[in-house]
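# Summary of structural features
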2 protein chains.
Amino acid sequence: MCEANAYFKNNGQEVLFMESVDVIEPYEDGLKLVDIFGRQKFVKAQIKDMTLLNHRIVLEEIAEAKRGALDKTVQRL
Amino acid sequence: MCEANAYFKNNGQEVLFMESVDVIEPYEDGLKLVDIFGRQKFVKAQIKDMTLLNHRIVLEEIAEAKRGALDKTVQRL
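Right, let's walk through the structure included here. Predicted model, so just to flag it, every value in this text is computed and none were measured.

## Notes on the relation of the copies chain A and chain B
With an RMSD of 0.0 Å, the operation that places chain A on chain B is a rotation of 180° combined with a shift of 0.0 Å along the axis. When the rotation and shift are considered jointly, the pair of chain copies conforms to a two-fold rotation axis. For chain A, the minimum C-alpha distance to the rotation axis belongs to A:Cys2 and amounts to 2.6 Å.

## Points about the nonpolar core
Counting 31 residues, the largest nonpolar core has A:Leu59, B:Leu33 and B:Leu59 as the members making the most contacts within it. Of the residues forming this core, the biggest block, four residues, is contributed by strand 2 (residues 13-27) of chain B. Those residues in contact with B:Leu33 that lie beyond four places of it in its chain are B:Ala6, B:Phe17, B:Met18, B:Val21, B:Val23, B:Ile24, B:Arg39, B:Gln40, B:Lys41, B:Val43 and B:Leu59.

## Details of the environment of B:Val21
Turning to its location among the elements, B:Val21 is positioned in strand 2. A C-alpha to C-alpha distance of 9.2 Å links B:Val21 and B:Arg39, two positions 18 residues apart in sequence. In this structure, B:Val21 is in contact with A:Leu52, B:Glu3, B:Ala4, B:Ala6, B:Leu33, B:Val34, B:Asp35 and B:Ile57, ignoring residues within four places of it in sequence.

## Notes on the side chain of A:Asp35
All names here are of chain A. Summarising the element assignment, Asp35 is placed in strand 3 (residues 30-35). You can call Asp35 buried: its relative accessible area is 4%. Here the side chain of Asp35 touches Arg39 through a polar contact of 2.8 Å, side chain to side chain. Leaving out residues up to four positions away in the same chain, Asp35 has contacts with Met18, Glu19, Ser20, Val21 and Asp22.

## Some remarks on the side chain of B:Lys32
With respect to the secondary-structure elements, B:Lys32 resides in strand 3 (residues 30-35). Residue classification places B:Lys32 among the buried positions, given a relative accessible area of 16%.

## Structural notes on the interface of chain A and chain B
Across the contact, 24 residues belong to chain A and 24 residues belong to chain B. Both sides together, the interface formed by chain A and chain B hides about 2,000 Å², and carbon and sulfur atoms give 74% of it. For the chain A face of the interface with chain B, the top three residues by lost area are A:Cys2, A:Leu52 and A:Leu53, together amounting to 33%. At the junction of chain A with chain B, the criterion picks out zero salt bridges. Here chain A is connected to chain B by six residue pairs in polar contact (both at pLDDT 80 or more). At the level of elements, strand 2 (13-27), strand 5 (45-51) and helix 1 (63-76) of chain A are the ones that each hand at least two residues to the side of chain A that touches chain B. With six residues, strand 2 of chain A is the single largest residue contributor to the side of chain A that touches chain B. Classifying every residue of the side of chain A that touches chain B gives 16 nonpolar, three polar and five charged. Of the pairings in the sheet, the one linking strand 2 of chain A to strand 5 (residues 45-51) of chain B comprises two bridges and is antiparallel in character. Each residue of the ladder has a partner; that of A:Ile24, found in strand 5 of chain B, is B:Met50.

Conventions and cut-offs
- Residues numbered from 1 in each chain as written.
- Chains lettered and ligands numbered in written order.
- Predicted model: local features only at pLDDT ≥ 70, side-chain atom pairs only at ≥ 80, totals over all residues.
- Heavy atoms only, no water.
- Least-squares fit on C-alpha atoms with pLDDT ≥ 70 in both.
- Core = buried A, V, L, I, M, F, W, Y, C linked by side-chain atoms within 4.5 Å.
- Buried < 20%, exposed > 50% of the residue type's maximum accessible area, 1.4 Å probe, protein only.
- Helix = DSSP H or I, 4+ residues; strand = E, 2+ residues; numbered from the N terminus.
- Contact = heavy atoms within 4.5 Å.
- Polar contact = N/O pair within 3.5 Å; in protein donor to acceptor, adjacent residues only side chain to side chain.
- Buried area = accessible area lost by both parts, 1.4 Å probe.
- Salt bridge = Lys/Arg side-chain N within 4 Å of Asp/Glu carboxyl O.
- Nonpolar A, V, L, I, M, F, W, Y, C, P; charged D, E, K, R; others polar.
- Pairing = 2+ DSSP bridges.

The quantities given are spatial measurements derived from coordinates; they are silent on function.
Written out as structure tokens, the structure reads:
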């Protein structure tokens, strides 16, 4: 089976967020994850990196990334 | 092996973009994909959806999504 475990990276530490993830898709300003049993989790995060052969997805908060983009936008206006 | 094929969705059609993808990570304003042979591709896209059990990643252009978010930001300023 090719499901993966999703970890949440926070302050340099990786915490297991969800096991046996099958589906990942954007949902509002975050992600929806569905595991192989059909259980869903919603998280305000983006994919930091993902290695399928290692069955590993690392998520991170989007606040920082978004703030950077917004600053650039505001400067341009 | 748990690599996946990446498809690019454009105007309702899905075109094979890269086979046997192992690694996906954000790169500048798009994504970097690396296949099981270490070949890299960079694409201005975001993940539209992904089903690991089906070995399937669907990418889409980010222009539309970004424009929507930017409009909302500008209205709020």
